[in-house]
Amino acid sequence: EASDAWRTVDRYFTSTLVGEDSALVVARDSGDKTTMPNAEVAANQGAFLELLAQIAGARRVLEFGTLAGYSTIWLARAVGEQGHVITLELEPQNAAVAEANFHVAGVSHRIETIVGPATESAERLIHDGAEPFDFVFIDADKPNNPAYLAAALKLTRSGAVIVIDNVVRNGAVADAASADPRVQGVRAVAKDIAAHPGLDGTAIQTVGEKGWDGLIIARRR
Ligand code: SAM
């Protein structure tokens, strides 16, 4: 749960620094039409993703977990008019809500939404020889994080950036004995990144209106 102070500071920074326009507000509000209301990133986190993708010079972005497309819109803006975002979503209902939001935001021509289990959609992209991605945002079902990382490694170029959301699990991530498959999904992906000779990575904890959480950022050498 977010403390009042965390919320107040998030509101201050968001209102001062972050341009959340009406299309993004529409996308955020449409979360209640999805299967997972309030699961989108905060506005300042969306802006952070946009900046990271821009710093990485990303033209092609792959996202695991669309929901209402809130983060997707930030990423689609990051890649610019010539860029492309592929976003993978299990639930047809969420994908439909997201596509309506992409239309409102004027970025639907930059985004391809693929409906189905993301492991299967990613396998198809690998099989079809998809052009390499520059930036990957992993934000779907947490037990599958290791599978998503493995797919991302087959779908990215050297220098690509991989961001994994919701890695703190209320602190349970530090508990090796946790029986929560989401915790084990985060622990396993952290171990995979650490063990991979071609990846550099770190994790950062965050507080804010979404509570206490954090993300892993990794980069391919
Ligand atoms: N990235 C979104 C944002 O910040 O606006 C939030 C994504 S939400 C945390 C997680 C999404 O992953 C949900 O829409 C859920 O339906 C989807 N999801 C869950 N399991 C999935 C799977 N196996 N394959 C693809 N998507 C899945």
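Coordinates for the structure precede this section.
Residues numbered from 1 in each chain as written. Predicted model: local features only at pLDDT ≥ 70, side-chain atom pairs only at ≥ 80, totals over all residues. Heavy atoms only, no water.

## Some remarks on the nonpolar core
Part 1 of the argument: In this structure, Phe-135 and Val-163 are the most contacted members of the largest nonpolar core, which totals 31 residues.
Part 2 of the argument: No other element matches the seven residues that helix 4 (residues 70–79) contributes to this core.
Part 3 of the argument: Here Val-163 is in contact with Leu-49, Leu-52, Phe-135, Val-136, Phe-137, Ile-138, Leu-215, Ile-216 and Ile-217, once residues within four sequence places are set aside.
Part 4 of the argument: Listed in part, the 27 residues of the second largest apolar core include Leu-88, Leu-149, Ile-164 and Ala-218. (Core = buried A, V, L, I, M, F, W, Y, C linked by side-chain atoms within 4.5 Å. Buried < 20%, exposed > 50% of the residue type's maximum accessible area, 1.4 Å probe, protein only. Helix = DSSP H or I, 4+ residues; strand = E, 2+ residues; numbered from the N terminus. Contact = heavy atoms within 4.5 Å.)

## Structural notes on the environment of Ser-22
Part 1 of the argument: Mapped onto the secondary structure, Ser-22 falls in helix 2 (residues 22–29).
Part 2 of the argument: Separated by 149 residues in sequence, Ser-22 and Gly-171 have C-alpha atoms that sit 34 Å apart.

## Considering the site of the ligand
Part 1 of the argument: Around the ligand, a shell composed of 23 residues is seen, among which Gly-65, Ser-71, Glu-89, Ala-118 and Asp-139 lie nearest.
Part 2 of the argument: One of the backbone N or O atoms of Leu-90 is found 3.1 Å from a nitrogen atom in the ligand.
Part 3 of the argument: A distance of 3.5 Å separates a nitrogen atom of the ligand from a polar atom in the side chain of Tyr-148.
Part 4 of the argument: Coverage of the ligand by the protein chains reaches 93% of its 610 Å² of free accessible surface.
Part 5 of the argument: Those elements that place two or more of their residues in the shell around the ligand are helix 4 and strand 2 (84–89).
Part 6 of the argument: Split by residue class, the shell around the ligand holds twelve nonpolar, five polar and six charged. (Near = heavy atom within 4 Å. Polar contact = N/O pair within 3.5 Å; in protein donor to acceptor, adjacent residues only side chain to side chain. Areas by Shrake-Rupley, 256 points an atom, 1.4 Å probe, with all protein chains shown as cover. Nonpolar A, V, L, I, M, F, W, Y, C, P; charged D, E, K, R; others polar.)

## Quick look at the packing of aromatic side chains
Part 1 of the argument: Overall, the coordinates contain two aromatic pairs when judged by the stated rule.
Part 2 of the argument: Taking 5.0 Å as the distance between ring centres and 50° as the angle between the ring planes, the aromatic pair formed by Tyr-12 and Phe-13 counts as tilted.
Part 3 of the argument: Between Arg-28 and the ring centre of Tyr-70, over which it is positioned, the NZ or CZ distance is 4.4 Å.
Part 4 of the argument: Its guanidinium or amino end placed over the ring of Phe-133, Arg-60 lies 4.4 Å from that ring's centre, counting from NZ or CZ. (Phe/Tyr/Trp six-rings, centres within 6.5 Å; stacked < 30°, edge-to-face > 60°. Lys NZ or Arg CZ within 6 Å of the ring centre and 35° of its normal.)

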